[in-house]
Amino acid sequence: MLSEGSLYNVKNLKVVSTTGEYIPLSNQYKIIFLVITSLKRLEEGTVKIPINGFQFVSLNLINLRVNDNTILLDVIGSFCGVGDIEIVGADFSLCLLGMGLEERVAESCINGHKADCAWTVSVHTFSDITNISPVVFLHLLKECYIHGTCKATRKFRALQQQVSQALCNSPEPGPATFIVRCLYVLPIFGVYSEGFSHLIISALRRHQKTTVNSADSTQAKEIAAYLFLDITGGFVDHDEKLMVKILEAFDVRLTDIEKAITQLKAQNEHRFDTAKTVIEQYIFAMIDSQSYMTAVSLLEHFSIRQSGESFLLKMIQNKEFKAAEKWATFMGKPMLCLLVQQFVDRNMLKSAYDTIKKNDLQQDFPDVYHKCKENLLKRLAEKACWDIAEAKTKGDKRLLEYLVYLAMEAGYSEKVDELCERYSLEGFLKTREPEAGFVHSRFLHLKELVVEDIIWVDEVDGLHKAICHIEGCKVVGIDCEWKPNYVSIMQIASDEMVFIFDLIKLAEDVPDVLDSCLTRILQSPGILKLGYNFQCDIKQLAHSYGELECFKHYEMLLDIQNVFKEPKGGLSGLAELEYAALDAVVLLQIFHHVRSCSQPTDVSEGHDKIEWKSYIVSHMDNPKKSKKRPTIKKETESGANYH
């Protein structure tokens, strides 16, 4: 075995010209050992060969060898000047190194770890920062960054890891204190200041995940408190975002700043009042300059809760939604509820949903939460991801019912039956196989339209009972009677009962109750409303009863006319029925027919598939002022036909 620093007598070897890549030394020749090569170590009369050697070269040579793999090159330092060597004791020496900064920096390096060393020059690299100053360290960091050839992001990450490892090499007086001192001098590096500040702070955090020195952390916190006062006072030029990061990294609290102010006052420094006053004044300045996120971060860090609802509304008004959410989260549930309501009022449902979910506010905003979940289910259904959509409901009955509607809309009757059976969902029309023969399926028969009861509603008790029944249904049919241009009768039918509402009398006697009850039906996202040319009816209703809010907005309406083309003449003409009370019932039967015919396998050859997907609509209307309501007669003309 060959030993470094020794001399050998070598026989039977081969000498060739140096070729190839990654050559360790720039020699013209190299030696190749053969099987018959013999080695003999010379023990006497030899000179001592130093183990380590350093070659000083120009930067131009280093630049020429960039991306050249011929000769290995290891740059371990950069010297701009070397001072005189001074003897210190028997085995120690002192060397002054000039690093070429605007202010010439002198560093003393003493190495007494090896007794056989007459003197040693300590090389300032990341592998040894025991006796290196913050300025020299940052200068080396800058040189590494400038001469790096990879992209900025990769350089940042590589240097971050390098600095984190360097902090393990016993910087004096400690890693955290060393970094905060670096932050004090970084502004003199100009454009590199901000990036290097974030770099060394993130490197310190990475280092502290494995090693924490309490004495070092305490000292660093004290210096960081002074740094905060100098930043807010304009003596150190760091931006406010970095200042917040410094407070968080060194865990500087109100008591630490108060302690620093007390010590400054003891030194006849009276530019500060109390710590809280200094911080609040700075926060107000941040708010005035619309730096809301910084202001919120400081308020949260120092646990200051003076600002309230007006501050939240101001941030929302200026579209600082992230800062508003951070502030509301810090303040607690009442402020979060106000934030959600503001999101809803601005139709920012995604932001409202995220806030509700993140802060467990489902019970406070059930409608908003379900509306957003329904939008998610609809997107999944459009992609035919039914199993994923079902899993997303998490067994929520309201969401499962909405998923059933989506399956009905898509004509996926098997999924409708599967969901209804699995989760015991009631109130939906049962899926039936289409009648044999296309001609037979084109017509409805009176025997199919038999219902258990037809109920006339013209007083408040009957109105409440009717609405309670209808709210338990998932699909209802709606039709109106109006002569000549004023709506008098509304029919709402389930598959079991028909309710006929005397709108003129109810609007005259109990307008508020009527408005509330019909709002629960027409504006419910949980009830699918079937109509025939119903948009015409709803406009006429809003025109006739303009003071009622229930007719100005409707949800989940499917107009059969849009998906089931038939001869003109209205619904009664379509079904050829004798009794107008059955108009709303007809809609349920037609809907069942449309659902059956929407299945591709059910369509007879030569006939088009009936599509009704995406025809469910919602609408907000702004009707003109209503006409004067007709006088209520003792016995309504239309009513006689229904008793």
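Every value quoted in this text rests on a predicted model; they were computed, and no experiment measured them.

Rules used throughout
- Residues numbered from 1 in each chain as written.
- Predicted model: local features only at pLDDT ≥ 70, side-chain atom pairs only at ≥ 80, totals over all residues.
- Heavy atoms only, no water.
- Helix = DSSP H or I, 4+ residues; strand = E, 2+ residues; numbered from the N terminus.
- Buried < 20%, exposed > 50% of the residue type's maximum accessible area, 1.4 Å probe, protein only.
- Contact = heavy atoms within 4.5 Å.
- Areas by Shrake-Rupley, 256 points an atom, 1.4 Å probe, with all protein chains shown as cover.
- Salt bridge = Lys/Arg side-chain N within 4 Å of Asp/Glu carboxyl O.
- Polar contact = N/O pair within 3.5 Å; in protein donor to acceptor, adjacent residues only side chain to side chain.
- Phe/Tyr/Trp six-rings, centres within 6.5 Å; stacked < 30°, edge-to-face > 60°.
- Core = buried A, V, L, I, M, F, W, Y, C linked by side-chain atoms within 4.5 Å.
- pLDDT = per-residue confidence, 0-100.
- Expected span 1.5 Å × (residues − 1).
- Pairing = 2+ DSSP bridges.
- Right-handed = clockwise from strand over helix to strand, strands pointing away.
- Disulfide = S-S within 2.5 Å.
- Patch = residues over 30% accessible without salt bridge, like charges linked within 9 Å, V, L, I, M, F, W, Y side chains within 5 Å.
- Axes fitted to C-alpha atoms, helices over the stretch in contact; angles between N-to-C directions.
- Parallel < 35°, antiparallel > 145°, perpendicular 65-115°, else oblique.
- Left-handed = near helix turned anticlockwise from the far one by under 90°.
- Nonpolar A, V, L, I, M, F, W, Y, C, P; charged D, E, K, R; others polar.

Let's shift gears to the overall build of the chain. A tally of regular secondary structure across the chain gives 26 helices and 13 strands. Per-residue burial over the chain gives 42% buried out of 643 residues. A sequence separation of at least 24 residues applies to 66% of the contacts in the chain between residues at least 6 apart. Counting only carbon and sulfur atoms, one obtains 50% of the accessible surface of the chain, whose full area is about 36400 Å².

What follows is about the pattern of salt bridges. A full pass over the atoms with the stated rule returns 19 salt bridges. Residue D387 pairs with K415 through a salt bridge whose shortest N-O separation is 3.8 Å. In this pair, D387 sits in helix α16 (residues 386-393) while K415 sits in helix α18 (residues 413-422), placing the two residues 28 residues apart along the sequence. The class for D387 is exposed, based on a relative accessible area of 59%.

One can find D251 in the loop between α7 (240-249) and α8 (254-266). Sequence spacing of D251 and K221 is 30 residues, and the spatial spacing of their C-alpha atoms is 6.8 Å. Residues contacting D251, with those up to four places away along its chain left out, are K221 and D256. Looking at D251, its side chain comes within polar contact range of the side chain of R253, at 3.0 Å.

Counted by the stated rule, this structure contains 10 aromatic pairs. Measuring from centroid to centroid gives 6.3 Å for Y145 and Y192, while their planes differ by 80°, and the two rings are edge-to-face. Residue Y145 is found in helix α2 (residues 134-147), and its partner Y192 is found in the loop between α4 (175-185) and α5 (193-208); the two are separated by 47 residues along the sequence. With relative accessibility at 23%, the residue Y145 sits in the partly exposed group. For Y192, a relative accessible area of 24% gives the class partly exposed. When the centroid spacing of 5.6 Å and the interplanar angle of 25° are considered together, the rings of Y192 and F196 count as stacked. Through a chain of ring-to-ring contacts, the aromatic side chains of Y292, F311, W327 and F330 assemble into a single cluster.

Right, let's get into unusual backbone geometry. One non-glycine residue, D360, adopts positive backbone phi at about 55°. Tracing the sequence through the fold places D360 in the loop between α14 (349-358) and α15 (366-382). Overall, the relative accessible area of 61% leaves D360 in the exposed class. Residues other than glycine seldom take positive phi values, yet M556 does so here, at roughly 55°. Of note, M556 is situated in strand β12 (residues 553-559). A residue is classified by how much of its surface remains accessible, and M556, at 10% relative accessible area, is buried.

A word on the nonpolar core. Core analysis: the largest hydrophobic core is formed by 83 residues, its most contacted members being L183, I246, F250, I257, L312 and M315. Residue contributions to this core peak at eight residues, all from helix α6 (residues 214-232). When sequence neighbours within four positions are dropped, the list of residues in contact with I257 reads A225, F228, L229, V252, A275, I279 and F302. Ranked by size, the runner-up nonpolar core spans 36 residues in total, among them I478, C517, L541 and C550.

So, on to the confidence of the model for the chain. Should pLDDT be low for a region, the predicted coordinates there are not to be read in detail. Averaged over all residues, the pLDDT of the chain is 75; the fraction at 70 or higher stands at 69%. Confidence drops under pLDDT 50 across residues 431-442; counting only partners more than four residues distant or on other chains, this segment forms 16 contacts. Every residue in residues 622-627 is under pLDDT 50, and counting partners more than four places away or in other chains gives 14 contacts.

Moving on, we get to helix α22 (residues 511-522). Across its 12 residues, α22 extends 16 Å between first and last C-alpha, which sits within 8% of the 16 Å expected from 1.5 Å per residue. Those residues of α22 not exposed but buried are L514, D515, C517, L518, I521 and L522.

In this section: the pairing of β12. Burial within β12 is extensive, with seven of its seven residues counted as buried. Where strand β11 (residues 528-531) and β12 come together, three bridges link them in parallel fashion. Residue pairing across strands places L530 opposite L558, the latter belonging to β12. One crossover worth recording links β11 to the parallel β12 by way of helix α23 (residues 534-544), and it is right-handed.

Inspection of the secondary structure puts L7 in strand β1 (residues 7-17). Between the C-alpha atoms of L7 and R41, which are 34 residues apart in sequence, the distance is 6.1 Å.

Bringing the state of the cysteines into the picture now. Taken as a whole and assessed by the stated rule, the structure comprises zero disulfides. Just so you know, C468 is unpaired, no disulfide at all, and the nearest cysteine sulfur is the one on C517, 8.0 Å from it. By relative accessible area, C517 is classed as buried at 1%.

What follows covers a nonpolar patch on the surface. There is a patch of nonpolar side chains on the surface, built from L2, V10, V15, Y29, I31, F33 and L39 and spanning about 670 Å² of accessible area. If you list the elements that add at least two residues to the nonpolar patch, you get β1 and β2 (29-42). Among the elements that make up the nonpolar patch, the one with the highest residue count is β2 (four residues). Mapped onto the secondary structure, I31 falls in strand β2.

Bringing the packing of α16 against α18 into the picture now. Between α16 and α18, whose axes approach to 13 Å, the crossing angle comes to 30°. The orientation of α16 with respect to α18, classified from their angle, is roughly parallel. At the point where α16 passes α18, the crossing takes the right-handed sense. Residues W386, D387 and E390 of α16 lie in contact with α18, whose contacting residues are K415, E418, L419 and R422. For the contact of α16 with α18, the per-class residue count stands at two nonpolar, no polar and five charged.

The subject of this paragraph is the packing of helix α11 (residues 309-317) against helix α12 (residues 321-331). Interaxial distance between α11 and α12 falls to 8 Å at its minimum, and their mutual angle equals 160°. Classified by the interaxial angle, the pair formed by α11 and α12 is roughly antiparallel. In terms of crossing hand, the pair formed by α11 and α12 is left-handed. Seen from α11, the contacting residues are F311, L312, M315 and I316; seen from α12, they are F321, A323, A324, W327 and A328.

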